[in-house]
Amino acid sequence: MPDAKPKTELQKALEKLGLRRDIDLALHLPLRYEDETRIVKLIDVRDSTPVQIEATVTHQEVTYRPRRQLIVTVDDGTDTCTLRFFSFYGSQQKALAVGNKVRVRGEVKGGFLGRTMLHPTFKAAGGDLPTALTPVYPTVAGLPQAYLRKAVLSGLARADLSDTFAPGDLEWLQHRSPQKGQKPLWTLRDALQFLHHPTPDVSIDTLMDHSHPAWQRLKAEELLAQQISQLQSRRERASLKAPQLQAEEGGTLHARLLAALPFGLTNAQQRVGEEIARDMARRIPMHRLLQGDVGAGKTVVAALAAAICMDAGWQCALMAPTEILAEQHFRKLLGWLEPLGITTAWLTGTQKAKERRAMLALIESGEAQLVVGTHAIIQDKVKFKNLALAIIDEQHRFGVAQRLALRNKLHHEDMEPHLLMMTATPIPRTLAMSYYADLDVSTLDELPPGRTPIVTKVVNDARRDEVIERIRAQISQGRQVYWVCPLIEESEALDLTNATQTHADLAEALQGATRADGQPVLIGLLHSRMHVDDKKAVMGAFTAGLMSVLVSTTVIEVGVDVPNASLMVIEHAERFGLSQLHQLRGRVGRGAAASACVLLYSTGDAPRLGEAARERLKAMAETNDGFEIARRDLEIRGPGEFLGARQSGEAMLRFADLATDTELLDWAKVEAPMLLDTYPHLAAKHVARWLGGKAEFLKA
Ligand code: ADP
Ligand code: MG
């Protein structure tokens, strides 16, 4: 740290950025640069470019309309420019007194009233100009650039930057890189020193788009670290043992389940089923992600995998993130497997003690071949007789620790169970590879036949009455409707009042609605604060078709399956994220009936919706394809937010892009095993340098 006694607040902020070691600081690269090496003349300034000028103050005043502001005019002999400050101190007014010569840096806008700069930085004119561009680093609140610059500088000076591979290894790049004629071979040290303090003659574009040879070196380094680490985890996993679960021919549970299903498998289900079966037939633990759009039919794939496991005489566990979802799986699997003579146990946190004890006994004795439940499954008290397959539904809702806990539930001879993770939030393949060290991916890219595509309409909240008419029409046809209430992040209590109010309003608006079968029209309410028994009762009534409309907060978000539901209304859709909207929409369109999704939006007091919200709703109306949605989500939000804050901290790739840096990736794929086998100590140093403590974490 630059100061003798670093302040803990600053240190905390540094840690938030993952900057603990000297090398972390050295590898914390600028987002952009500011050119303070030059003073330009106002007459030469293009609109909207950040510049530095030296000029004399010719006028100063404080005005109060439309709001309090300090207005200063400066003149550099070629032109004048107005500086505007909406917040300012007396000391700044003094420094900008008429007649003073100042050095001002900011973005010049050429408006109707002449050139202006809003909140520029300034100091007295004169003094040395720096010889390198000034780096601007990614930072967090409470960590000023100036402090971060010093910290990076000292990290850079102290870190061990010796090369783990020779610059010559990248010689081939020289012939392909667009910067021919530049310094050809960069060591890590040179590259870092340059990128932190580039000379002003460099083309800024090559720094910003990472095509500069110094960047190429860093991206090669990073990709190499990723490849070595993936190779290590693959090798490590290959050295682990798992029960070999061989799919048998004929007469088995697997075959009987397949025969008993009321439908045939789609080609995609068949294909991923085989991929999974192949993995489980090996003696090393499966580590596979099954991704498929909402409604693609992941559950039956999981059930068939479970059947193979049980055929081989081992236990299988299925864990889901919410009780409603777990219960739904339980019912579905029970319906399929109980007639075939399978005993299934059920575990949740809200279970009565007596029932729970009975379940634990079934699991420990091995009598229950299948265990379905929530997080309750991973508790210490739960002892499996012989768990060989662990299935995690909606895996992104679980943390690494929970996945690990499940893997530790098999105690036989150093073995680990096979792990199948499922998600309806598809991760673009390249992103999956950069976030998980070692993961095989299966994709269900086909929906079961007979589904009519969901029609999505984006509707202004002012036209709520029309929506209510639509609901009435659906009810009269015997169909069912979801109404999802707005998400109010700050307050769960507000969420609740809101849902309760909407429920009351809807009940009133729908008075006199009738059902084709003459049954009374019931309108239910579901929210997260309800007692679990009440939730189950409401959900049960809706699933059984007794209830026509279900008003709900977002608790129905994942997994519920009521094929008769044909209309989904999402209120304040502008407040939801894209993947969440897609998940919600996936609750309808599960049967043969034509289904629709209405995205109600409200702009509040604003004249129109914000850019990102508009993009999201537009994407929803334009496509039903979860992969396309994921791609657009990534575009709108960027990878960090896309995977959620927790996971973005684990990202392996900060600089390289798997989609575009393919040549470097190919190189790293060849280099990784070579380095690992020939110079293991260099490989270890390389991985430690780039991934620090993250490497272990990434394997889970
Ligand atoms: P998800 O992938 O979202 O978990 P589910 O497993 O809940 O999807 O399946 C959605 C619905 O489609 C369920 O009602 C399921 O029984 C049904 N289904 C699954 N596979 C098929 C198939 N091959 N043909 C017809 N219906 C299917
Ligand atoms: Mg599901």
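What comes next is a walk through the structure. (Residues numbered from 1 in each chain as written. Chains lettered and ligands numbered in written order. Predicted model: local features only at pLDDT ≥ 70, side-chain atom pairs only at ≥ 80, totals over all residues. Heavy atoms only, no water.)

With that settled, the discussion passes to the pairing of strand 14 (residues 418–423). Of all 6 residues in strand 14, 6 are buried; the element is thus mostly enclosed. Residues His418, Leu420 and Met422 of strand 14 are buried on one face, and the alternating residues Leu419, Met421 and Thr423, pointing to the opposite face, are buried as well. (Buried < 20%, exposed > 50% of the residue type's maximum accessible area, 1.4 Å probe, protein only. Helix = DSSP H or I, 4+ residues; strand = E, 2+ residues; numbered from the N terminus.)

Bringing the sheet that holds strand 14 into the picture now. Taken in spatial order, the 7 strands of this open sheet run 11-12-10-13-14-9-15, and their pairing is parallel. Looking at the sheet topology across the chains shown, the edges are occupied by strand 11 (344–347) and strand 15 (440–444). Averaged over neighbouring strand pairs, the angle between their axes works out to 20° when direction is ignored. Bridge analysis of strand 13 (residues 387–392) against strand 14 gives 4 bridges, and the strand direction is parallel. Counted as the bridge partner of Ala390 is Leu419 from strand 14. Sitting on the sheet, helix 10 (residues 267–280) is in contact with strand 9 (287–292), strand 13, strand 14 and strand 15, with an inclination near 160° to strand 15. (Pairing = 2+ DSSP bridges. Axes fitted to C-alpha atoms, helices over the stretch in contact; angles between N-to-C directions. Contact = heavy atoms within 4.5 Å.)

We now examine the nonpolar core. With 69 residues, the main nonpolar core has Leu257, Leu337, Leu347 and Leu389 as its most contacted residues. Broken down by element, this core gets its largest block of residues, 11 residues, from helix 11 (residues 298–311). Once you skip the residues sitting within four places of it in the chain, Leu257 turns out to touch Ala303, Leu304, Ala307, Trp336, Leu337 and Leu340. (Core = buried A, V, L, I, M, F, W, Y, C linked by side-chain atoms within 4.5 Å.)

This part covers the site of ligand 1. Neighbouring ligand 1 are 17 residues; Gly295, Lys298, Thr299, Arg451 and Asp561 lie closest to it. Residue Lys298 places a side-chain N or O atom 2.7 Å away from an oxygen atom belonging to ligand 1. Lys332 is positioned with one of its side-chain polar atoms (N or O) 3.3 Å from an oxygen atom of ligand 1. Here ligand 1 loses 87% of its free accessible area of 560 Å² to cover by the protein chains. Residue classes in the shell around ligand 1 are distributed as 5 nonpolar, 6 polar and 6 charged. (Near = heavy atom within 4 Å. Polar contact = N/O pair within 3.5 Å; in protein donor to acceptor, adjacent residues only side chain to side chain. Areas by Shrake-Rupley, 256 points an atom, 1.4 Å probe, with all protein chains shown as cover. Nonpolar A, V, L, I, M, F, W, Y, C, P; charged D, E, K, R; others polar.)

For the rest of this paragraph, the subject is the packing of helix 12 (residues 323–337) against helix 18 (residues 532–543). Contact geometry for helix 12 and helix 18: axes closest at 11 Å, N-to-C directions at 50°. With respect to helix 18, the element helix 12 is oriented oblique. Every pair of crossing elements has a handedness; the one defined by helix 12 and helix 18 is right-handed. Every residue of helix 18 that contacts helix 12 at Glu323, Ile324 and Glu327 is listed here: Val532, Lys535, Lys536 and Met539. (Parallel < 35°, antiparallel > 145°, perpendicular 65-115°, else oblique. Left-handed = near helix turned anticlockwise from the far one by under 90°.)

Moving on, we get to the side chain of Thr623. Tracing the backbone through its elements, the reader meets Thr623 in the loop between helix 20 (611–622) and helix 21 (626–642). For Thr623, a relative accessible area of 12% gives the class buried. From its side chain, Thr623 meets the backbone nitrogen of Asp625 in a polar contact 2.9 Å long. Residue contacts for Thr623: discarding those within four places in its chain leaves Arg585, Glu628 and Ile629.

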